[in-house]
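Commentary on secondary and tertiary structure
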Amino acid sequence: MNIRNEYRVVWIAPTAPPAGAGGGHWFEYAIANDVVSITGRRAGTHAEVEQHARECVARLNERNLVHRWRVDPALRDPLPVRRTGN
C-alpha cells in the first residue's frame, strides 16, 4: 500500500451523454487510491475533462493530507517549547 495513499487519475474515456443531457462530447473518468475508486462523467473536450479530474485529485489529496495531519501526531511539526519565567 502506498504510504501516502494518494489519489490519481486512472483513466478517461469517451462515453454517451447521460439521459436528458443532450449532445456534445462526454467523457467518463476514474480517480482512485489504494482503497477507493471514484468515477464521474463530464461534458467537454478531453483536455477539459482531464483538467477537471486533476483538480479533483488535488483537492482529495489535500483533504487527505489535512485529515492525516490531524489524526497522526508524527506528521506534525513539533511545537516550539515555551518557557515561562519564575
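Structure first, text after, so check above.
Before going into details, it helps to say that this report is about the structure given with it. (Residues numbered from 1 in each chain as written. Predicted model: local features only at pLDDT ≥ 70, side-chain atom pairs only at ≥ 80, totals over all residues. Heavy atoms only, no water.)

**Examining the nonpolar core**
Generally speaking, nonpolar side chains in soluble globular proteins are found buried as a group. Counting 10 residues, the largest nonpolar core consists of Tyr7, Ile12, Phe27, Tyr29, Ile31, Val49, Ala53, Cys56, Val57 and Leu60. Taken together, the elements giving at least two residues each to this core come down to β2 (26-32) and α1 (46-71). The element best represented in this core is α1, accounting for 5 residues. (Core = buried A, V, L, I, M, F, W, Y, C linked by side-chain atoms within 4.5 Å. Buried < 20%, exposed > 50% of the residue type's maximum accessible area, 1.4 Å probe, protein only. Helix = DSSP H or I, 4+ residues; strand = E, 2+ residues; numbered from the N terminus.)

**With respect to the environment of Ala13**
Secondary-structure assignment places Ala13 in strand β1 (residues 8-15). In this structure the C-alpha to C-alpha distance between Ala13 and Glu28, which are 15 residues apart in sequence, comes to 5.4 Å. Setting aside anything within four residues of it in sequence, one finds Ala13 in contact with Trp26, Phe27 and Glu28. (Contact = heavy atoms within 4.5 Å.)

**Quick notes on the environment of Ala47**
As for its placement among the helices and strands, Ala47 is situated in helix α1. C-alpha separation for the pair Ala47 and Ile12, spaced 35 residues apart in sequence, amounts to 10.0 Å.

**A closer look at the side chain of Asn61**
Within the secondary structure layout, Asn61 lies in helix α1. There is a polar contact of 2.6 Å between the side chain of Asn61 and the backbone nitrogen of Tyr7. (Polar contact = N/O pair within 3.5 Å; in protein donor to acceptor, adjacent residues only side chain to side chain.)

**Topic: the pattern of salt bridges**
Scanning the entire structure with this criterion turns up 1 salt bridge. A salt bridge links Glu50 to Arg54; the shortest N-O distance between them is 2.8 Å. You can see Glu50 and its partner Arg54 sitting in helix α1, 4 residues apart, about one turn around the helix. (Salt bridge = Lys/Arg side-chain N within 4 Å of Asp/Glu carboxyl O.)

**Focus: the sheet that holds β1**
Strand order across the open sheet formed by 3 strands is β1-β2-β3, with antiparallel pairing between neighbours. Sheet topology places β1 and β3 (37-43) at the edges, where each strand pairs with a single neighbour. Across the sheet, the mean angle from the axis of one strand to that of its neighbour is 20°, orientation sign disregarded. (Pairing = 2+ DSSP bridges. Axes fitted to C-alpha atoms, helices over the stretch in contact; angles between N-to-C directions.)

So, to be careful, I would describe these as geometric facts and stop short of saying anything about function.
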